[in-house]
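Chain by chain, the residues:
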Amino acid sequence: GQNIDQPTEMTATEGAIVQINCTYQTSGFNGLFWYQQHAGEAPTFLSYNVLDGLEEKGRFSSFLSRSKGYSYLLLKELQMKDSASYLCALGRSGAGSYQLTFGKGTKLSVIP
Amino acid sequence: EPEVTQTPSHQVTQMGQEVILRCVPISNHLYFYWYRQILGQKVEFLVSFYNNEISEKSEIFDDQFSVERPDGSNFTLKIRSTKLEDSAMYFCASSGGDGNTIYFGEGSWLTVV
């Protein structure tokens, strides 16, 4: 099975940097994904890591350490529109498909 | 930018009725999925579809659920006899040849009354 843990809520200030952590226990996965989800909307792909290390994509970066069962999403220069839930997901391929198992998400509130 | 489109955006149905949710995946994608999210809960995998057949399904995807690709563009989820606990947002998703990046549609909000 797969168990994914994220903080339920976080608050950060506009213009600041915030790090959202994700820890997991699993028997195996191919990649770790981060999605953004505004209330009532679809998850939107942000970033993914296959190998250990940091992946940078504009204001967003994601880090993975397989040995520690740990990932984080780093958001820089926070904007009000970044207020959303951030979903950590483990991706597993098999039988001709790629299946995502999501955590419960971290609700980020950006305040002025 | 190509996107996954879903219809209807919102449907209200009576318990026991059949519902069909429709999706048009991104045109050159090969893998298709349905996920659902009950209000306030996490996104859950239902089923994946590749090469015109189900490749994986979760425990949630029981005999009341079915999927179909009736033509070259549409991908549907049918719920035969809806229950109150089927009320959720249903997301269609698709991915390309590498299967790595999965793109979600805007969702169909199903309310069973």
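Structure: see above.
**Student:** Would you mind going over the pairing of strand 9 (residues 84–94) of chain A in detail, with residue names and values included?
**Tutor:** All names here are of chain A. Note: strand 4 (residues 31–37) against strand 9, 7 bridges, orientation antiparallel. Residue pairing in the sheet places Y35 in a bridge with L87 of strand 9. In terms of strand pairing, strand 9 meets strand 11 (residues 106–111) through 3 bridges, oriented antiparallel. Paired with Y86 across the strands is T106, a residue of strand 11. Inspection of the sheet shows strand 9 paired to strand 10 (residues 97–102) by 6 bridges, in the antiparallel sense. For G91, the partnering residue across the bridge sits in strand 10 and is L100.

**Student:** Any details on the pattern of salt bridges? Residues and values, ideally.
**Tutor:** Overall, the coordinates contain 4 salt bridges over all chains when judged by the stated rule. For R92 of chain A, the salt bridge is made with E56 of chain B, and the minimal N-O distance between the two is 3.4 Å. Of the two residues, R92 of chain A is situated in strand 9 and E56 of chain B in strand 6 (residues 53–57); the pairing between them involves two chains. Taking relative accessible area as the criterion, R92 of chain A reaches 30% and is therefore assigned partly exposed. R36 of chain B is paired through a salt bridge with E44 of chain B; the nearest N and O atoms lie 3.4 Å apart.

**Student:** Tell me about the environment of L32 of chain A, and name the residues and values.
**Tutor:** All names here are of chain A. Tracing the backbone shows L32 in strand 4. Residue classification places L32 among the buried positions, given a relative accessible area of 0%. It is 9.9 Å that separates the C-alpha atoms of L32 and F102, two residues lying 70 residues apart in sequence.

**Student:** Talk me through the environment of W109 of chain B; I want residue IDs and the actual numbers.
**Tutor:** Residues and elements named next belong to chain B. With respect to the element layout, W109 can be found in strand 11 (residues 108–112). With relative accessibility at 25%, the residue W109 sits in the partly exposed group. Setting aside anything within four residues of it in sequence, one finds W109 in contact with S9, H10, Q11, Q37, L39, A88 and M89. A polar side-chain atom of W109 sits 3.3 Å from a polar atom in the side chain of T111.

**Student:** Quick rundown of the side chain of S62 of chain A? Include the residues and the values.
**Tutor:** Residue and element names in this part refer to chain A. By the element assignment, S62 lies in strand 7 (residues 60–65). Only 2.6 Å separates the side chain of S62 from the side chain of S47, close enough to count as a polar contact. In contact with S62, other than residues within four places in its own chain, are W34, S47, Y48, N49, G53, L54, E55, Y72 and L73.

Reading guide: rules and limits
Residues numbered from 1 in each chain as written. Chains lettered and ligands numbered in written order. Predicted model: local features only at pLDDT ≥ 70, side-chain atom pairs only at ≥ 80, totals over all residues. Heavy atoms only, no water. Pairing = 2+ DSSP bridges. Helix = DSSP H or I, 4+ residues; strand = E, 2+ residues; numbered from the N terminus. Salt bridge = Lys/Arg side-chain N within 4 Å of Asp/Glu carboxyl O. Buried < 20%, exposed > 50% of the residue type's maximum accessible area, 1.4 Å probe, protein only. Contact = heavy atoms within 4.5 Å. Polar contact = N/O pair within 3.5 Å; in protein donor to acceptor, adjacent residues only side chain to side chain.

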